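Structure at a glance
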Amino acid sequence: MRVGTGYDVHRLTEDRELILGGVKIPYEKGLLGHSDADVLLHAVMDALLGAAALGDIGKHFPDSNPEFKGISSVILLKKVGNLLEGKGFLVENIDATIVAQAPKLRPYIDTMRENIAEALEMDISCVSVKATTEEGLGFTGAGEGIAAQAVCMLTSPFDLTARQVPAVQESGRCEGCGGCAGRGGKA
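Residues numbered from 1 in each chain as written. Predicted model: local features only at pLDDT ≥ 70, side-chain atom pairs only at ≥ 80, totals over all residues. Heavy atoms only, no water.

Attention now moves to the packing of aromatic side chains. On inspection of all chains with the given rule, the structure shows one aromatic pair. Ring geometry for Phe61 versus Phe68: centroids 5.4 Å apart, planes at 80 degrees, classification edge-to-face. (Phe/Tyr/Trp six-rings, centres within 6.5 Å; stacked < 30°, edge-to-face > 60°.)

Structure below.
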């Protein structure tokens, strides 16, 4: 079992769409960033990558790369899910919180959960998304930006210990842990 945390923040600005959890939300401002600036999905991806000790989204999707200019963070989340799967990890659960003074996000939360679950091919019951304000305090409370934080848990379907995971990641072979079909089988 591995636990990861993620945090992201983006400035609110005019002439941008507000995208959170892959949902376009009607609002007078959007988040500034190289991609769609979806702080929720960025925090989730950083939590997932961190739990797997694979760096962060800046390492995998740098803002200096024009390929990622304006890209949907749902696409990037799918890439992170595929990367985790290739390394022998399962996402057990995600718990995320969006911090925004406005707009009210309750009407969009279930769709955000669905988008995350679909992108990672997991059951929606394993994805929690919440929203809160900061009672007018700080940059989020002043409406200058939106932040998000996420926590996740990863497991290995091969019953590997934490010490065995890096060896399997490098070799692509499970060396007799007993968790996969046939000892020494392909991870």
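Continuing now.
Our next topic: the packing of helix α1 (residues 39-51) against helix α3 (residues 73-86). Across the interface, α1 lies against α3 with an axial gap of 10 Å and an inter-helix angle of 10 degrees. One element, α1, and the other, α3, form an angle in the roughly parallel class. Packed against α1, whose contacting residues are Leu41, His42, Val44, Met45, Leu48 and Leu49, the element α3 presents Ser73, Val74, Leu76, Leu77, Val80, Leu83 and Leu84 at the interface. Each residue belonging to the contact of α1 with α3 can be placed in one class, and the counts come to eleven nonpolar, two polar and no charged. (Axes fitted to C-alpha atoms, helices over the stretch in contact; angles between N-to-C directions. Helix = DSSP H or I, 4+ residues; strand = E, 2+ residues; numbered from the N terminus. Parallel < 35°, antiparallel > 145°, perpendicular 65-115°, else oblique. Contact = heavy atoms within 4.5 Å. Nonpolar A, V, L, I, M, F, W, Y, C, P; charged D, E, K, R; others polar.)

Moving on, we come to the sheet that holds strand β6 (residues 127-132). In space, the five strands of this open sheet follow the order β4-β1-β7-β5-β6, with mixed pairing throughout. With one partner strand each, in any of the chains shown, β4 (30-31) and β6 form the two edges of the open sheet. Contacts from α1 reach β1 (2-13), β4, β5 (90-99), β6 and β7 (145-155) within the one sheet, and its direction differs from that of β1 by about 155 degrees. Contacting β5 and β6, helix α4 (residues 109-119) crosses the sheet at an angle of about 145 degrees to β6. (Pairing = 2+ DSSP bridges.)

This part covers the environment of Pro62. Residue placement: Pro62 occurs in the loop between α2 (57-60) and α3. Looking at Pro62, the relative accessible area reads 25%, which means it is partly exposed. Measuring from C-alpha to C-alpha, the distance between Pro62 and Ser35 comes to 9.8 Å, with 27 residues separating the pair along the chain. Apart from the residues within four sequence positions on either side, Pro62 is in contact with His34, Ile57 and Phe68. (Buried < 20%, exposed > 50% of the residue type's maximum accessible area, 1.4 Å probe, protein only.)

With that settled, the discussion passes to the layout of surface pockets. Taken as a whole, the largest pocket spans an internal volume of roughly 330 Å³. Lining the largest pocket are 16 residues, with Gly81, Glu85, Phe89, Leu90 and Leu120 positioned closest to its centre. When residues in the lining of the largest pocket are grouped by element, the largest group, five residues, is from α3. Split by residue class, the lining of the largest pocket holds eight nonpolar, three polar and five charged. Taken together, 14 residues form the lining of the second largest pocket, with His34, Ser35, His42, Phe61 and Asp63 sitting closest to its centre. Among the elements of the structure, β1, α1 and α2 are those that each provide at least two residues to the lining of the second largest pocket. Tallied by class, residues from the lining of the second largest pocket come to six nonpolar, six polar and two charged. (1 Å grid on protein atoms, 1.4 Å probe; cavity = no way out; pocket = protein on both sides within 12 Å on 5 of 7 lines; lining within 4 Å. Points joined across faces, edges and corners; volume = space filled by probe spheres on them.)

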